[in-house]
Amino acid sequence: DQQVKQNSPSLSVQEGRISILNCDYTNSMFDYFLWYKKYPAEGPTFLISISSIKDKNEDGRFTVFLNKSAKHLSLHIVPSQPGDSAVYFCAATFSSGSARQLTFGSGTQLTVLP
Amino acid sequence: NAGVTQTPKFRVLKTGQSMTLLCAQDMNHEYMYWYRQDPGMGLRLIHYSVGEGTTAKGEVPDGYNVSRLKKQNFLLGLESAAPSQTSVYFCASSTDRYSPLHFGNGTRLTVT
């Protein structure tokens, strides 16, 4: 039973427009959430994170929104660029754990069309 | 600045064979992790280590063993490979339990 779900396997967006990637979780004990980006033949790289005490975190073109009541988070990329084409994974964890044990979603392939 | 290096990059095993995947990091990180990624699924944690000489089980530890004899290295062993262990394996490290993970580029393992 997947505790972190990304229900859209793929998303295509025109260059310059907004990309919105969604993620749902079922475990209400998760209190820290992260987004990773992955290019082919490379490992995931950290993008942005958010603690459950916040509902929004921004870093340049990337903004993550957290809706705890709905157990939903989203990643907004504005404006989208062709170099953003990659697989995006959301991940969740407990800040009280002994290590950063991340539970990942299955990923969304974002394609930004020039 | 190598970061996290995984060897080998590719490997094909026959059922029942054994092998060891090596992960090396040059960032002096305390924490190290082994994940596997399968099609249609997210990365799943196999084992992790919170420091030299320590190891702990993750979500899917069965069929794997690990060792952390040196701080910079984290080894993942398969004693008797099975087709279900066909996957892409990622190693990661972090400074502490609050820091983002830095991943290697993965090892693609096929068990026939």
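Residues numbered from 1 in each chain as written. Chains lettered and ligands numbered in written order. Predicted model: local features only at pLDDT ≥ 70, side-chain atom pairs only at ≥ 80, totals over all residues. Heavy atoms only, no water.

Participant: Just checking my understanding: could you explain the interface of chain B and chain A for this structure?
Facilitator: Listed as interface residues are 20 residues of chain B and, on the opposing side, 20 residues of chain A. Taken together, both faces of the contact between chain B and chain A bury some 1700 Å²; the carbon and sulfur share is 56%. Considering only the side of chain B, the residues that lose the most area to chain A are Leu43(B), Arg97(B) and Phe103(B), jointly responsible for 29% of the buried surface there. In this assembly, chain B and chain A are joined by zero salt bridges. Remark: the boundary between chain B and chain A carries five residue pairs in polar contact (both at pLDDT 80 or more). Per-element tally for the side of chain B that touches chain A: the top contributor is strand β4 (residues 31-37) of chain B, with four residues. When the residues that make up the side of chain B that touches chain A are grouped by side-chain class, the tally is 13 nonpolar, six polar and one charged. (Contact = heavy atoms within 4.5 Å. Buried area = accessible area lost by both parts, 1.4 Å probe. Salt bridge = Lys/Arg side-chain N within 4 Å of Asp/Glu carboxyl O. Polar contact = N/O pair within 3.5 Å; in protein donor to acceptor, adjacent residues only side chain to side chain. Helix = DSSP H or I, 4+ residues; strand = E, 2+ residues; numbered from the N terminus. Nonpolar A, V, L, I, M, F, W, Y, C, P; charged D, E, K, R; others polar.)

Participant: Hey, could you run me through the sheet that holds strand β1 (residues 4-7) of chain B in this one?
Facilitator: In a beta sheet, neighbouring strands are held together by backbone hydrogen bonds and run either parallel or antiparallel to one another. Residues and elements named next belong to chain B. Spatially, four strands are ordered β1-β3-β8-β7 in an open sheet, and the strand pairing comes out antiparallel. The sheet is open, and its two borders are formed by β1 and β7 (65-67), each paired with just one other strand. Adjacent strand axes in the sheet meet at a mean angle of 20°, parallel and antiparallel pairs treated alike. Across three bridges, β7 lies against strand β8 (residues 73-78) in antiparallel orientation. Pairing of Ser67 across the sheet is with Leu75, part of β8. (Pairing = 2+ DSSP bridges. Axes fitted to C-alpha atoms, helices over the stretch in contact; angles between N-to-C directions.)

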